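# Geometric and topological summary
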Amino acid sequence: MNKEKRLEILTRLRNENPHPTTELNFSTPFELLVAVTLSAQATDVSVNKATDKLFPVANTPEAIYALGVDGLKEYIKTIGLYNAKAENVIKACKILIDEHGSVVPENREALEALPGVGRKTANVVLNTAFGWPTIAVDTHIFRVSNRTKFAVGKNVDLVEQKLLKVVPKEFKVDVHHWLILHGRYTCIARKPRCGSCIIEDLCEYKDKIDI
């Protein structure tokens, strides 16, 4: 995969979707933080169903903390790993209240210090809420990057480093969204829809499927 191919891939993805964003429903950085925390090993659809009921009732650190762990569980019990996620969200709310004036910090170290928030979640919040040129690598982005040979790496950290190196500055803010959507709807895990892919001719996957 050379520089020219990568540039054409990014240009096509941008032309198809000039203003991409997350499919998680949110209206504030705090709502985004909660939604992304809940989305670990769960679908955005399942998270949205829960937060569409939760956020009208509680969408600030104080309001969610007031629900308590058991109260929060009632809203998110349809999401996988909800017990641990409820504990983490409540603990994170307490830290936000006590240490950050109930404001989501625009700071990687502070974000990653919150329970349930790892590098990927921090990247999503910094990128989507604050416009940082970070690239959060999830399973979709890992698959697309390796399958197409756009950015090959044995683990998510290596893929992230490669993407940050090879993606031109003008594309960095949006590339995370383009790749995740491409992996979610076109370059899917079992049977990639190569026949309907706008970058099929540029992709270096050897076992293309004409679907």
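Heads up: the structure comes first, above all this text.
First, a word on what this report is: a plain description of the structure on this page. Bear in mind the structure is a predicted one, so any value in this text is a computation, not a measurement.

Looking only at helices and strands, one finds ten helices and zero strands in the chain. Computed over C-alpha atoms, the radius of gyration of the chain comes to 18 Å, within 12% of the 17 Å expected from 2.2 N^0.38 for 211 residues, which places it in the range of a compact globule. Taking the principal axes of its C-alpha atoms as reference, the chain extends roughly 55 × 30 × 30 Å. Counting all 211 residues of the chain, 46% fall into the buried class. Taking contacts inside the chain between residues at least 6 apart in sequence as the whole, the part at least 24 apart equals 57%. With the model as given, the accessible surface of the chain reaches about 10,700 Å², and the carbon-plus-sulfur share is 53%. Here the chain carries 29 positive and 26 negative side-chain charges, and the mean point of each set is 7 Å from the other.

Attention now goes to the environment of Asn107. Along the chain, Asn107 turns up in the loop between helix 5 (82-99) and helix 6 (108-112). Residue Asn107 is classed as partly exposed on the basis of its relative accessible area of 36%. Along the sequence, Asn107 and Phe130 sit 23 residues apart, while their C-alpha atoms lie 10.0 Å from each other.

What follows concerns the pattern of salt bridges. One side chain can pair with another of opposite charge once the charged atoms of both are near each other. Inspection of the entire model under this criterion finds ten salt bridges. Between Arg12 and Glu8 there is a salt bridge; the shortest N-O distance is 2.9 Å. Highlighted residues: Arg12 and Glu8, both in helix 1 (residues 3-16), separated by four residues, approximately one helical turn. Assessed through its relative accessible area of 22%, Arg12 is described here as partly exposed. Arg184 serves as the salt-bridge partner of Glu23, at 2.6 Å between the closest nitrogen and oxygen. Taken together, the residues Glu23 in the loop between helix 1 and helix 2 (29-38) and Arg184 in helix 10 (residues 169-185) connect sequence positions 161 residues apart.

For the rest of this paragraph, the subject is the packing of helix 3 (residues 44-54) against helix 4 (residues 61-76). At a closest axis distance of 11 Å, the pairing of helix 3 and helix 4 adopts a crossing angle of 135°. In terms of orientation, helix 3 and helix 4 fall into the oblique class. The hand of the helix 3/helix 4 crossing is right-handed. Here Ala50, Lys53 and Leu54 of helix 3 come into contact with helix 4, specifically with Ile64, Leu67, Leu72, Tyr75 and Ile76. Taken together, the residues that form the contact of helix 3 with helix 4 break down as seven nonpolar, no polar and one charged.

Scanning the model with the defined rule gives one aromatic pair in all. The lysine or arginine in question, Arg6, covers the ring of Phe150, its NZ or CZ lying 5.7 Å from the ring centre. Sitting over the ring of Tyr205, Arg147 keeps its end group 5.1 Å from the ring centre.

Our next topic: the environment of Ile76. Residue position: Ile76 is located in helix 4. Expressed as a C-alpha distance, the spacing of Ile76 and Leu38, which sit 38 residues apart in the sequence, is 8.2 Å. Not counting residues within four places of it along the chain, the set of residues in contact with Ile76 comprises Leu38, Ala50, Tyr82, Lys85 and Ala86.

The rules behind these values
- Residues numbered from 1 in each chain as written.
- Predicted model: local features only at pLDDT ≥ 70, side-chain atom pairs only at ≥ 80, totals over all residues.
- Heavy atoms only, no water.
- Helix = DSSP H or I, 4+ residues; strand = E, 2+ residues; numbered from the N terminus.
- Rg over C-alpha atoms; globule rule 2.2 N^0.38 Å.
- Buried < 20%, exposed > 50% of the residue type's maximum accessible area, 1.4 Å probe, protein only.
- Contact = heavy atoms within 4.5 Å.
- Areas by Shrake-Rupley, 256 points an atom, 1.4 Å probe, with all protein chains shown as cover.
- Lys, Arg positive; Asp, Glu negative; His and termini not counted.
- Charge placed at Lys NZ, Arg CZ, Asp CG, Glu CD.
- Salt bridge = Lys/Arg side-chain N within 4 Å of Asp/Glu carboxyl O.
- Axes fitted to C-alpha atoms, helices over the stretch in contact; angles between N-to-C directions.
- Parallel < 35°, antiparallel > 145°, perpendicular 65-115°, else oblique.
- Left-handed = near helix turned anticlockwise from the far one by under 90°.
- Nonpolar A, V, L, I, M, F, W, Y, C, P; charged D, E, K, R; others polar.
- Phe/Tyr/Trp six-rings, centres within 6.5 Å; stacked < 30°, edge-to-face > 60°.
- Lys NZ or Arg CZ within 6 Å of the ring centre and 35° of its normal.

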